[in-house]
Amino acid sequence: QVQLVESGGGLVQAGGSLRLSCAASRRTQSIINAMGWFRQAPGKEREFVAGINSVGGVTVYTDSVKGRFTIFRDNAKNTVYLQMNSLKPEDTAVYYCAADRKPNYDTSPAYYDYWGQGTQVTVSS
């Protein structure tokens, strides 16, 4: 059973920073490859934020977070991170970690088989 556990969400003022973490359980280490972060605001669809391939050398971001967010992973710790800087109120959402056996990321939620429970990020103006 794949388990992904997110942490690091919270309340921050506009312009501030947060780092989200997503830890995969030890037994999933051999099957987790592509990983990504998505977010969902109230009344909106879940949207892609950032993705990273299996070895961490290739990343992609949605346009609205480019230059502000950074996705990176530590495979030794089975953990993927999302460093979020210069946060804006429109970044407010529940952030979800996603993972899949396939080696390359994708921007579609349907691509990923495994999901974390989500962590709330609230940015006040």
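Right above here is the structure, for reference.
None of these values were measured; they are calculated from a predicted model. (Residues numbered from 1 in each chain as written. Predicted model: local features only at pLDDT ≥ 70, side-chain atom pairs only at ≥ 80, totals over all residues. Heavy atoms only, no water.)

*Asks:* Got a sec to walk through the environment of Asn 75? Specific residues and values, please.
*Replies:* Checked against the element boundaries, Asn 75 lands in the loop between strand 7 (69-74) and strand 8 (79-84). Residue Asn 75 is classed as partly exposed on the basis of its relative accessible area of 37%. Sequence spacing of Asn 75 and Gly 56 is 19 residues, and the spatial spacing of their C-alpha atoms is 8.6 Å. A distance of 3.2 Å separates the side chain of Asn 75 from the backbone oxygen of Ser 54, its partner in a polar contact. At 2.7 Å, the side chain of Asn 75 and the side chain of Arg 73 are in polar contact. (Helix = DSSP H or I, 4+ residues; strand = E, 2+ residues; numbered from the N terminus. Buried < 20%, exposed > 50% of the residue type's maximum accessible area, 1.4 Å probe, protein only. Polar contact = N/O pair within 3.5 Å; in protein donor to acceptor, adjacent residues only side chain to side chain.)

*Asks:* Mind laying out the nonpolar core, listing which residues take part and the relevant values?
*Replies:* The nonpolar side chains of a soluble globular protein tend to be buried, and buried together. Ranked by internal contacts, the top residues of the largest apolar core, which has 28 residues, are Leu 4, Met 35, Trp 37, Leu 82, Met 84 and Tyr 95. When residues of this core are traced back to their parent elements, those giving at least two are strand 3 (18-24), strand 4 (34-40), strand 5 (47-52), strand 7, strand 8, strand 9 (93-100) and strand 11 (119-124). Beyond its immediate chain neighbours, meaning those up to four positions away, Tyr 95 contacts Glu 6, Leu 20, Trp 37, Phe 38, Arg 39, Val 49, Phe 69, Leu 82, Met 84, Gly 118, Thr 119 and Val 121. Counting residues in each nonpolar core, the second largest holds six residues, with Ala 34, Phe 48, Tyr 111 and Tyr 112 among its members. (Core = buried A, V, L, I, M, F, W, Y, C linked by side-chain atoms within 4.5 Å. Contact = heavy atoms within 4.5 Å.)

*Asks:* So what's going on with the pairing of strand 1 (residues 4-7)? Which residues, and what values?
*Replies:* Because side chains alternate across strand 1, one face comprises the buried residues Leu 4 and Glu 6, and the other comprises Val 5 and Ser 7, none of which is buried. Here strand 1 runs beside strand 3; their pairing, made up of four bridges, is antiparallel. In the sheet register, Glu 6 faces strand 3, and the bridge partner there is Cys 22. (Pairing = 2+ DSSP bridges.)

These figures come from the coordinates and say nothing about function on their own.
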